[in-house]
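Per-entry structural report
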Amino acid sequence: MIRAGADEVVYPIRLGSEQVAKFIGKQYGIDLEDSTNLAPPNLLGYNLKLVKYFDSKNAQLKNIIDRYNAISVVALKRKSGITIENPSLDTLVERDDSVILLVKEDKKAITSPTSFEKIVWSDDYSVGIQSIDEEHRGLILLINRFGDALFVSKSKKEVAKAFEQLLDYTVNHFRNEEELMEKYNYPEIKQHIQDHHRLTQEVLELNKDKQYVFSDNIIEFLKSWLINHILEVDRRLGEFLVKKGIHER
Ligand SMILES: [Fe+2]
């Protein structure tokens, strides 16, 4: 628990950083290792929210506070692993840093089943190759299922299962795309595989502590993670295959 006022206390909720979560947990007698539920009840409407920053453009902490309507910043965890407690508000936040915010949320927003925005397939995402599009739809489905487990059912077991499914499917899908690239001598194969490695690494990083505890904006992160890859890198592969007259695997 953290003192948020003279007689107000808050519990950590959905902390995504093992280091910081354990630090806070230890200080206030909460053992995250034993936690079977990802969202301990909030008290008096105060919560800690962990936000992973994934924009390529740096932002000041005061912008993050505004964006999430937070009260203050508890800590900034740099990508390098360094944690800065009570950082000044003009500190710059860089891509892949994490910020722990103190927020006052209304109860409905926390318990509502629509507290995360599902990704909806759009024809704009089509790369023109049916087998790739089908797998991309599958990935979107699994990201949404993961969001359901994380924000609606909030069961650690379901979150763990959904995350592992997403990871497995991603690895298989990338392998399928790479086989296609090899088969048809795709000239950009090297960069494309590098991109797959980076994306896989980013997803593995999300759960490197095996706690299945994720940041509040995880769906936003996965959405940009997947959609940007589809729209830029996979689209170029699709155009290449279509030009070669290949429409199916
Ligand atoms: Fe790809």
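Structure shown above.
Attention here is on the structure that accompanies the text. (Residues numbered from 1 in each chain as written. Predicted model: local features only at pLDDT ≥ 70, side-chain atom pairs only at ≥ 80, totals over all residues. Heavy atoms only, no water.)

Quick notes on the overall build of the protein chain
Heads up, the condition is: A run of H or I in DSSP becomes a helix once it reaches four residues, and a run of E becomes a strand once it reaches two; helices and strands are each numbered from the N terminus. Relative accessibility decides the category of a residue: with a 1.4 Å probe and only protein chains considered, values under 20% of the type maximum give buried, values over 50% give exposed, and everything between is partly exposed. Computed by Shrake-Rupley with a 1.4 Å probe, the accessible areas treat only the displayed protein chains as cover when residues are assessed.
Looking only at helices and strands, the protein chain has seven helices and eight strands in total. With 249 residues in all, the protein chain has 49% of them scored as buried. Put simply, the protein chain shows about 13200 Å² of open surface, and 50% of that area lies on carbon and sulfur atoms.

As for helix α4 (residues 130–153)
So the rule is basically this: Expected span, for any helix, means 1.5 Å times one less than how many residues it has.
For α4, with 24 residues, the first-to-last C-alpha span of 33 Å sits near the 34 Å given by 1.5 Å per residue. After α4 finishes, the residue Lys-154 shows a positive phi value of roughly 55°.

Digging into the coordination of the iron ion
What counts, and what does not: Listed donors are limited to N, O and S atoms within 2.8 Å of the metal, widened to 3.2 Å for Na, K and Ca; water is not among them, so incomplete-looking sites are possible.
With distances of 2.0 to 2.3 Å, the protein atoms coordinating the iron ion are Glu-177 (OE), His-192 (NE2), His-196 (NE2), His-229 (NE2) and Asp-234 (OD). Read N to C, the donor residues that coordinate the iron ion are spaced as E-x14-H-x3-H-x32-H-x4-D. Taken together, the residues span a long stretch of sequence, with Glu-177 in helix α5 (residues 156–183) and His-196 in helix α6 (residues 189–206) at a distance of 19 residues. Glu-177 sits in the buried class, given a relative accessible area of 1%.

Some details on the packing of aromatic side chains
Quick note on the threshold: For Phe, Tyr and Trp, where Trp contributes only its six-membered ring, two rings pair if their centres lie within 6.5 Å, and the inter-plane angle classes them as stacked under 30 degrees, edge-to-face over 60, or tilted in between.
Tallying each qualifying case throughout the model produces seven aromatic pairs. The interplanar angle of 35° and the centroid separation of 5.1 Å between the aromatic rings of Phe-163 and Phe-214 together place this pair among those described as tilted. Separated by 51 residues along the polypeptide, Phe-163 in helix α5 and Phe-214 in the loop between α6 and α7 (218–243) bring together distant segments of the chain. Among the aromatic side chains, those forming a connected cluster through ring pairs are Phe-146, Phe-163, Tyr-212 and Phe-214.

Here's the deal with the packing of α5 against α7
Each pair of packed helices can be summarised by the angle the axes make with each other and by the distance between the axes. For the record, the criterion: Orientation is described by lines fitted to C-alpha atoms, with helices fitted over the stretch in contact, and by angles between N-to-C directions that extend from 0 to 180 degrees. In what follows, roughly perpendicular refers to angles from 65 to 115 degrees, roughly parallel to angles under 35, roughly antiparallel to angles over 145, and oblique to any angle outside these ranges. In this scheme, a crossing is called left-handed if the near helix is turned counterclockwise away from the far one by less than a right angle; it is called right-handed if the turn is clockwise. Pairs of residues are marked as contacts when any of their non-hydrogen atoms sit within 4.5 Å. Side-chain classes follow a simple rule in which Ala, Val, Leu, Ile, Met, Phe, Trp, Tyr, Cys and Pro form the nonpolar group, Asp, Glu, Lys and Arg form the charged group, and the remainder, Gly included, forms the polar group.
Interaxial distance between α5 and α7 falls to 12 Å at its minimum, and their mutual angle equals 20°. The angle between α5 and α7 places the two elements in the roughly parallel class. The chirality of how α5 crosses α7 is left-handed. Facing Leu-166, Thr-170, His-173, Glu-177, Leu-180 and Met-181 of α5, the residues of α7 in contact are Leu-222, Trp-225, His-229, Asp-234, Leu-237 and Leu-241. Along the lines of polarity and charge, the residues of the contact of α5 with α7 split into seven nonpolar, three polar and two charged.

Observations regarding unusual backbone geometry
Residues other than glycine seldom take positive phi values, yet Asn-69 does so here, at roughly 55°. Relative to the helices and strands, Asn-69 resides in the loop between α2 (61–67) and β5 (72–77). Phi at Lys-154 is positive, roughly 55°, even though this residue is not glycine. With respect to the element layout, Lys-154 can be found in the loop between α4 and α5.

Here we look at the side chain of Glu-135
Threshold: Identification of polar contacts relies on pairs of N or O atoms within 3.5 Å, with a donor-acceptor requirement for protein atoms, meaning one able to donate a hydrogen and the other able to accept it, and with residues adjacent in sequence counted only if both atoms are side-chain atoms.
Looking at the secondary structure, you find Glu-135 in helix α4. Glu-135 gets classed as buried once you look at its relative accessible area, which sits at 12%. A distance of 2.6 Å separates the side chain of Glu-135 from the side chain of His-173, its partner in a polar contact.

Here's the deal with the packing of α4 against α7
Remark: α4 packs on α7, axes separated minimally by 11 Å, with the N-to-C direction vectors making an angle of 180°. In this view, α4 runs roughly antiparallel relative to α7, as classed from their interaxial angle. Contacts between α4 and α7 involve Ile-132, His-136, Leu-139, Ile-140, Ile-143, Phe-146, Gly-147, Leu-150 and Phe-151 on the former and, on the latter, Ile-218, Ile-219, Leu-222, Leu-226, Ile-227, Ile-230, Asp-234, Leu-237 and Leu-241. For the contact of α4 with α7, the per-class residue count stands at 15 nonpolar, two polar and one charged.

Some words on the side chain of Asn-217
With respect to the helices and strands, the residue Asn-217 is situated in the loop between α6 and α7. On the basis of relative accessible area, Asn-217 is assigned to the buried category, the value being 4%. Within the structure, the side chain of Asn-217 is placed 2.6 Å from the backbone oxygen of Lys-52, a separation counted as a polar contact. A polar side-chain atom of Asn-217 sits 3.1 Å from a polar atom in the side chain of Ser-215. The contacts of Asn-217, once residues within four sequence positions are left out, are Leu-50, Val-51, Lys-52, Phe-54 and Tyr-68.

Here we look at α6
Short version of the rule: The reported arc concerns the directions from the helix axis to the C-beta atoms and nothing else.
The end-to-end C-alpha distance of α6 is 26 Å, a good match for the 26 Å that 18 residues give at a rise of 1.5 Å each. Buried within α6 we find His-192, Asp-195, His-196, Leu-199, Thr-200, Glu-202, Val-203 and Leu-206. Projected down its long axis, α6 carries its buried residues within an arc of 155°, all on one side. When the buried face of α6 is taken as reference, the exposed residues oriented beyond 90 degrees from it are Lys-190 and His-197. Elements that come into contact with the buried residues of α6 comprise β3 (46–52), α5 and α7.

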